Amino acid sequence: MKHKKEKIAKTNALRQLDKQKIPYIIHTYEWSEDKSGGLGVAEKLPELADRVFKTIVLKGKSKNLYVCVIHGEAHLDLKKVAKACEEKNIDLLPLSELEKETGYIRGGCSPVGMKKLFRTFFDKKVEKFDKIMVSAGRRGLQMEVETEKLVEVVKGTIVDLTMEEI
C-alpha cells in the first residue's frame, strides 16, 4: 500500500522562507497542552532534541515588542534581555496579546512570519549548531533551518540571553 505524502498547509513562516528561497525540513508531532514549549517538542522529537529552540515574545517598558529565540531547555535572563533590547524593564508579553500582536498562538509561535518584523535576538547557543529547529507557525509543526539563514531572514542578533546553568 502506498502512502501519500501528507500535505502541510503553509504557514506565514513557511511562505516567508519559500519566498526567500531558504530551504527547510518540516517535522510534525502530536501537540499537547501539558507538554507545550521546547521540552514538549524535544520529548516528541528526541533525535533532534538538542537543536530545538523556542520563541518567546516580550514587551519592554517602552511598549516595544521583542522576540527571543532560546534553547528549549533554557530560561530567559530578563536582565540580559533588557540590556540587549536597551530597555529599563522587560517582561513576557501577556498571552492575551500574543495572537493580536504576532498572528501566532502559544505553542505555535515562530520567529519568522509575524505580523511585523520585531527586533529579534537569538541566544548565543545557536552558534553551536549548523541547523536549528523552531516552530513553523502552528502547534505540532517544527521547521529545521540553517541557523545562519534563520538569523538573517528576521535580521536577528546573536547575544547571551539565558540564565547560567547551575
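Scope of this entry: the structure provided in the associated data block. Counting restarts for each chain: residues are numbered from 1 in the order of the written sequence. Given that the model is predicted, a residue must reach a pLDDT of at least 70 before its local features are reported, and side-chain atom pairs must reach 80 or more before they are shown or counted; all residues, however, enter totals for whole chains, interfaces and linings. Only hydrogens and water are removed before side-chain values are computed, so all heavy atoms of the structure are retained for them.

## Describing the packing of aromatic side chains
Aromatic rings from Phe, Tyr and Trp, with only the six-membered ring used for Trp, were paired whenever their centres fell within 6.5 Å, and each pair was classed as stacked if the ring planes differed by under 30 degrees, edge-to-face if by over 60, and tilted otherwise. Applying the stated criterion across every chain yields a total of 1 aromatic pair. Between the aromatic rings of F53 and F129, the centroid separation amounts to 6.0 Å while the plane-to-plane angle is 75°, which identifies the pairing as edge-to-face. In this pair, F53 sits in strand β2 (residues 53-60) while F129 sits in the loop between β5 (119-123) and β6 (131-138), placing the two residues 76 residues apart along the sequence. In this structure, F53 and F129 share a single accessibility class: buried. Comment: elements are numbered from the N terminus, with helices defined as DSSP H or I runs of at least four residues and strands as E runs of at least two. Relative accessible area decides the class of each residue, using a 1.4 Å probe on protein chains only: under 20% of the type maximum gives buried, over 50% gives exposed, and in between gives partly exposed.

## Considerations on a negative patch on the surface
A grouping of D130, E146, E148 and E152 is seen on the molecular surface, where their side chains present a negatively charged patch. On the basis of relative accessibility, which here comes to 55%, the residue E152 falls in the exposed class. Surface patches are defined over residues having more than 30% relative accessible area and no salt bridge, joining like charges when they lie within 9 Å and nonpolar side chains (Val, Leu, Ile, Met, Phe, Trp, Tyr) when within 5 Å. Accessible surface is estimated by sampling points in the Shrake-Rupley manner with a 1.4 Å probe; for residues, cover comes only from the protein chains shown. We count a salt bridge whenever a side-chain nitrogen from Lys or Arg sits within 4 Å of a carboxyl oxygen from Asp or Glu. In this tally, Lys and Arg are treated as positive and Asp and Glu as negative; His is ignored, and so are the chain termini. The atom standing in for a charge is NZ when the residue is Lys, CZ when it is Arg, CG when it is Asp and CD when it is Glu.

## Things to note about the environment of L14
Relative to the helices and strands, L14 resides in helix α1 (residues 12-19). Separated by 12 residues in the primary sequence, L14 and I26 place their C-alpha atoms 9.3 Å from one another. Should any heavy atoms of two residues lie within 4.5 Å, those residues are counted as being in contact. Setting aside residues up to four positions removed in sequence, L14 forms contacts with I8, Y24, I26, A136, L141 and M143.

## Details of the environment of E146
By secondary structure assignment, the location of E146 is in strand β7 (residues 141-146). A residue is classified by how much of its surface remains accessible, and E146, at 34% relative accessible area, is partly exposed. For E146 and I22, which are 124 residues apart along the polypeptide, the C-alpha to C-alpha distance reads 8.4 Å. Excluding anything up to four places from it in sequence, E146 contacts D130 and K131.

## Side note on the pairing of strand β3 (residues 65-71)
Across the 7 residues that make up β3, a large majority, 7, are buried. Whether two strands pair comes down to DSSP finding at least two bridges between them. Pairing of β2 with β3, which is carried by 7 bridges, proceeds in the antiparallel orientation. Along β3, the bridge assignment pairs V57 with V67. What sits between the antiparallel neighbours β2 and β3 is a turn of 4 residues, in which K63 has the positive phi angle 80°. One ladder, built from 4 bridges, connects β3 with β5; its direction is parallel. Looking at β5, one finds that C68 is bridged to F121.

## Observations concerning the sheet that holds β6
If you walk across this open sheet you meet the 3 strands as β1-β7-β6, and the pairing is antiparallel. Across the chains shown, the open sheet's two edge strands, defined by having one partner strand only, are β1 (24-28) and β6. Along the sheet, successive strands turn relative to each other by an average axial angle of 30°, direction set aside. Pairing geometry for β6 and β7, over 6 bridges, is antiparallel. Across the sheet, the residue bridging to S135 is Q142, located in β7. Packing against the sheet, α1 makes contact with β1, β6 and β7, and its axis sits at approximately 25° to β7. Axis angles are defined between N-to-C directions and span 0 to 180 degrees, where every axis is a line fitted to C-alpha atoms and, for a helix, only to the segment in contact.

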